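Residues per chain, in single letters:
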Amino acid sequence: MKAYTGFAEVYDEMMDNIPYLEWEAYLLQLLYMNNVKPDGRIIELGCGTGTMTALLSEIGLDISGIDLSEDMLKIAREKHPEITFAMADMREFTLEQKADAMISIADSMNYMRNVDELTRVFKCVRDALSPGGVFIFDLKTEFFFKHIVADRTYRGRGKGFTYVWANSYNEDEKYHLYDVTIKRKGPDRKTVTHKEIHRQQVFTGKDIKKAAQAAGFTKARVYGNMKLEKPRLSDDRIYVVLTRTD
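Treat the numbers as computed from the prediction; the structure is a model and nothing was measured.

Calculation notes
Residues numbered from 1 in each chain as written. Predicted model: local features only at pLDDT ≥ 70, side-chain atom pairs only at ≥ 80, totals over all residues. Heavy atoms only, no water. Helix = DSSP H or I, 4+ residues; strand = E, 2+ residues; numbered from the N terminus. Buried < 20%, exposed > 50% of the residue type's maximum accessible area, 1.4 Å probe, protein only. Contact = heavy atoms within 4.5 Å. Phe/Tyr/Trp six-rings, centres within 6.5 Å; stacked < 30°, edge-to-face > 60°. Lys NZ or Arg CZ within 6 Å of the ring centre and 35° of its normal. Pairing = 2+ DSSP bridges. Axes fitted to C-alpha atoms, helices over the stretch in contact; angles between N-to-C directions. Core = buried A, V, L, I, M, F, W, Y, C linked by side-chain atoms within 4.5 Å. Patch = residues over 30% accessible without salt bridge, like charges linked within 9 Å, V, L, I, M, F, W, Y side chains within 5 Å. Areas by Shrake-Rupley, 256 points an atom, 1.4 Å probe, with all protein chains shown as cover. Salt bridge = Lys/Arg side-chain N within 4 Å of Asp/Glu carboxyl O. Parallel < 35°, antiparallel > 145°, perpendicular 65-115°, else oblique. Left-handed = near helix turned anticlockwise from the far one by under 90°. Nonpolar A, V, L, I, M, F, W, Y, C, P; charged D, E, K, R; others polar.

1. Topic: the environment of S57
Tracing the sequence through the fold places S57 in helix 3 (residues 51-58). Its relative accessible area of 22% is what places S57 among the partly exposed residues. Along the sequence, S57 and V180 sit 123 residues apart, while their C-alpha atoms lie 31 Å from each other. Non-local contacts of S57, meaning those with residues more than four positions away in its chain, are made with I63 and I83.

2. Topic: the packing of aromatic side chains
All chains considered together, the criterion is met by nine aromatic pairs. Ring centres of F122 and F135 lie 6.1 Å apart, and the angle between their planes is 75°; this geometry places the pair in the edge-to-face category. With F122 in helix 5 (residues 115-128) and F135 in strand 5 (residues 129-140), this pair connects stretches of sequence that are 13 residues apart. Of the two residues, F122 and F135, both sit in the buried class. Over the ring of Y175 we find R199, and its NZ or CZ is 4.1 Å from the ring centre.

3. Thoughts on the sheet that holds strand 7 (residues 161-170)
In spatial order, the strands read 6-7-8-9; together these four strands make up an open sheet with antiparallel pairing. What marks the edges here is a single partner per strand, and that holds for strand 6 (153-158) and strand 9 (191-201). Taken over all neighbouring pairs, the strand axes of this sheet differ in orientation by 15° on average, direction set aside. Here 11 bridges tie strand 8 (residues 175-185) to strand 9, and the two strands are oriented antiparallel to one another. If you follow R184 over to strand 9, its bridge partner there is V192.

4. Topic: the nonpolar core
By size, the foremost hydrophobic cluster in this structure holds 41 residues, and its most contacted members are F7, M14, M52, I136, W165 and I182. Of all the elements, helix 2 (residues 20-33) adds the most residues to this core, at six residues. Membership of the second largest hydrophobic core comes to 29 residues, among which are V115, A212, V240 and L242.

5. Here we look at a nonpolar patch on the surface
There is a patch of nonpolar side chains on the surface, built from Y32, M33 and L228 and spanning about 340 Å² of accessible area. Note that Y32 resides in helix 2.

6. Let's talk about the packing of helix 2 against helix 3
Between helix 2 and helix 3, whose axes approach to 10 Å, the crossing angle comes to 60°. With respect to helix 3, the axis of helix 2 lies oblique. Crossing angle aside, the handedness with which helix 2 passes helix 3 is right-handed. Contact residues: helix 2 offers Y20, L21, W23, E24, L27 and L28, while helix 3 offers T51, M52, L55 and L56. In terms of residue class, the contact of helix 2 with helix 3 is made up of eight nonpolar, one polar and one charged.

These figures come from the coordinates and say nothing about function on their own.
Written as structure tokens, this is what we have:
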């Protein structure tokens, strides 16, 4: 079942509680700390509908976006026609021009099924970065899946739609499922039901290190959620900065 198809049409409204401005400020801090120049070329992986891409573009950064979902990219292009968005699988993309930095937020890396897939992403990123370039990404943690969303079910409504968001975590295999059902009125006023299942994998510090080293990265830093210090066990999200050192 493809993710972010019918979900794409209501994604921005369902995610309107995300603190994008705070997220933007944190990313800018990490870019500055890692010597990414204001005129550096930046690529966002898993850009979705382009909200963060646009925020960074609006302050003058040279940024474009990559995503696998045609539906999400269609909305991104409609919202931000001045930005270049390309469809590609982050596990097997190439760039014609090297990037100075790549970013990936909103737990896109958790969608990789295993360490091998994570390694494939890291290899593509490393090949796409200029020497000294950085890859900044986030990951949801096992603490988030086990203790924050756990087996909870959320219900809500937006403009012309309702949704049910059911969560379940497989502790043995370390993956979490989001079962999302969206109902909205079609052009004929009949109710249209759309269902998606999103699978997210937990990656440990050892997993990240293994994938990074296999991809050729030798320098990495890990931070807690929106912090510049080491993560704690209670952090629901972590940030990783990989640097291409050659």
